[in-house]
Amino acid sequence: GADLITTNAELRSRSFGIFGSRSTDNINFNTLVFETDAAKEVSFSGAEWTYSPKQKWVRSNWYRFRAFWPYEARISPGSDANLMVIDYSAITDNYDLQVAYKERYPIAEGVGRVPMVFKHTLAALCFKVRFDEPLTDAITGFYLKGLKPTGTLVCGIDGTNENIDDFRWISNTFDDTSEIQKCTGNKECSMSAATIYDGDGVIYVIPQQASSMKGATTINFFTQNGGSALHTAPIQSEFWQPGKVYTYTIIIHESDIRL
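The structure displayed is predicted, hence computed values, not measured ones. (Residues numbered from 1 in each chain as written. Predicted model: local features only at pLDDT ≥ 70, side-chain atom pairs only at ≥ 80, totals over all residues. Heavy atoms only, no water.)

Draft legend 1. Inspection of the overall build of the chain at higher detail. Across its full length, the chain holds two helices and 22 strands. Residues counted as buried form 43% of the 259 residues belonging to the chain. Nonlocal contacts in the chain, meaning residues at least 24 apart in sequence, comprise 70% of its contacts between residues at least 6 apart. When the accessible surface of the chain is split by element, carbon and sulfur atoms take 49% of a total near 12900 Å². (Helix = DSSP H or I, 4+ residues; strand = E, 2+ residues; numbered from the N terminus. Buried < 20%, exposed > 50% of the residue type's maximum accessible area, 1.4 Å probe, protein only. Contact = heavy atoms within 4.5 Å. Areas by Shrake-Rupley, 256 points an atom, 1.4 Å probe, with all protein chains shown as cover.)

Draft legend 2. The side chain of Asp 93, seen in detail. Along the chain, Asp 93 turns up in the loop between strand S7 (83–89) and strand S8 (98–104). Exposure remark for Asp 93: the relative accessible area of 10% places this residue in the buried category. Engagement of the side chain of Asp 93 in a polar contact is seen with the side chain of Arg 74, the distance being 2.7 Å. (Polar contact = N/O pair within 3.5 Å; in protein donor to acceptor, adjacent residues only side chain to side chain.)

Draft legend 3. Representation of the nonpolar core. Membership of the largest hydrophobic core comes to 28 residues, with the highest contact counts inside it found for Leu 125, Phe 127, Phe 142, Leu 144, Ile 196, Ile 219 and Trp 240. When contributions to this core are tallied by element, the ones reaching two or more residues are strand S10 (123–131), strand S11 (137–145), strand S14 (180–189), strand S16 (202–205), strand S18 (218–223) and strand S21 (245–252). Among the elements that take part in this core, S10 stands out by supplying five residues, more than any other. Discounting chain neighbours no more than four positions away, the residues touching Ile 196 are Phe 127, Val 129, Ile 139, Phe 142, Cys 183 and Lys 187. Counting 22 residues, the second-largest nonpolar core is a separate cluster that includes Tyr 95, Cys 126, Cys 155 and Trp 169. (Core = buried A, V, L, I, M, F, W, Y, C linked by side-chain atoms within 4.5 Å.)

Draft legend 4. Seen up close, the sheet that holds strand S19 (residues 231–234). Pairing in this open sheet of four strands is antiparallel, and the strands run S14-S11-S18-S19 from one edge to the other. Of all strands in the sheet, those bounded by a partner on one side alone are S14 and S19. Here the average twist between neighbouring strands, direction ignored, is 20°. In this sheet, S14 lies alongside S11 in antiparallel orientation, the contact comprising six bridges. Counted as the bridge partner of Asp 137 is Cys 189 from S14. (Pairing = 2+ DSSP bridges. Axes fitted to C-alpha atoms, helices over the stretch in contact; angles between N-to-C directions.)

Draft legend 5. Summary view of the pairing of S16. The alternating pattern of S16 places Val 202 and Tyr 204 and Ile 203 and Val 205 on opposite faces, both of which are buried. Direction of pairing for S10 relative to S16: antiparallel, over a ladder of four bridges. By the bridge assignment for S16, Ala 123 is matched with Val 205.

Draft legend 6. Structural context of the environment of Glu 35. Looking at where Glu 35 falls in the secondary structure, it is placed in the loop between strand S2 (31–32) and strand S3 (40–44). A relative accessible area of 42% places Glu 35 in the partly exposed class. Between the C-alpha atom of Glu 35 and that of Ser 79, which follows or precedes it by 44 residues, the distance is 15 Å. Separated by 2.7 Å, the side chains of Glu 35 and Lys 40 make a polar contact.

Draft legend 7. Representation of the sheet that holds S7. One open sheet holds the four strands; their spatial order is S6-S7-S12-S13, and the pairing between them is antiparallel. The outermost strands of the open sheet, each flanked by one partner alone, are strand S6 (74–75) and strand S13 (167–171). Judged from the seven bridges that link them, S7 and strand S12 (residues 150–156) form a sheet pairing that is antiparallel. Paired with Ile 86 across the bridge in S12 is Leu 153.

Draft legend 8. Structural context of unusual backbone geometry. The peptide bond linking Ser 52 to Pro 53 adopts the cis configuration, its omega dihedral lying at -5°. Within the fold, Pro 53 resides in the loop between strand S4 (49–50) and strand S5 (62–69). The omega torsion across Trp 69 and Pro 70 is 0°, close enough to zero to call that bond cis. As for its position among the elements, Pro 70 is in the loop between S5 and S6. Its identity as a non-glycine residue notwithstanding, Asn 26 has a phi of 65°, on the positive side. Within the fold, Asn 26 resides in the loop between strand S1 (16–23) and S2.

See below:
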């Protein structure tokens, strides 16, 4: 499972990366703010966000800053403050990928700290399981099947979108065979619901339409009493939007499973 990043304290627990560029005419942002074209790491020191070495403002220039959290995210080479590209996989990655963008014109807006307001780019899913009758069992295995597990996040201007503060996902191939976000270990459930994943009980997925036309998006699980019998239920058609948490309760009846 993963943790939802909902407070400043949680965001401060890890560094973020930032790109900066400046312009003399507010048109061509080709001059680097930091000493290299790599993302600058910014960490919370206990009192404030900071980086090193510090750069001086050129008061007559216009600035663009584009950031991503956490710093370990897989940034594509060539990313900068104008266009940033990040790869994400629900199979290998499990963090709350966030991005931020800010402009600054020092002559008019001063040379104080630049506030970076981060936005969630992924959707979060939470699954709970309970019985509809007085029974007790344990979920021993759980996974998803039938979705696009990987994608590329594009932030900024790329020739097809001129909204500098926009972000959008390019999803890769639909996967109807892999067992995605597989979870093992006993999770006891009864008429009281058990949350499948640890941490905050969520996993992250790329925003997309559940129940693709190529095949149903399904939840799949095993129970202790059921042994090797695989239980499957389709997820209703729904577009998982960035920054939202979707909670599904799986109700096990004597004769069927309902989501």
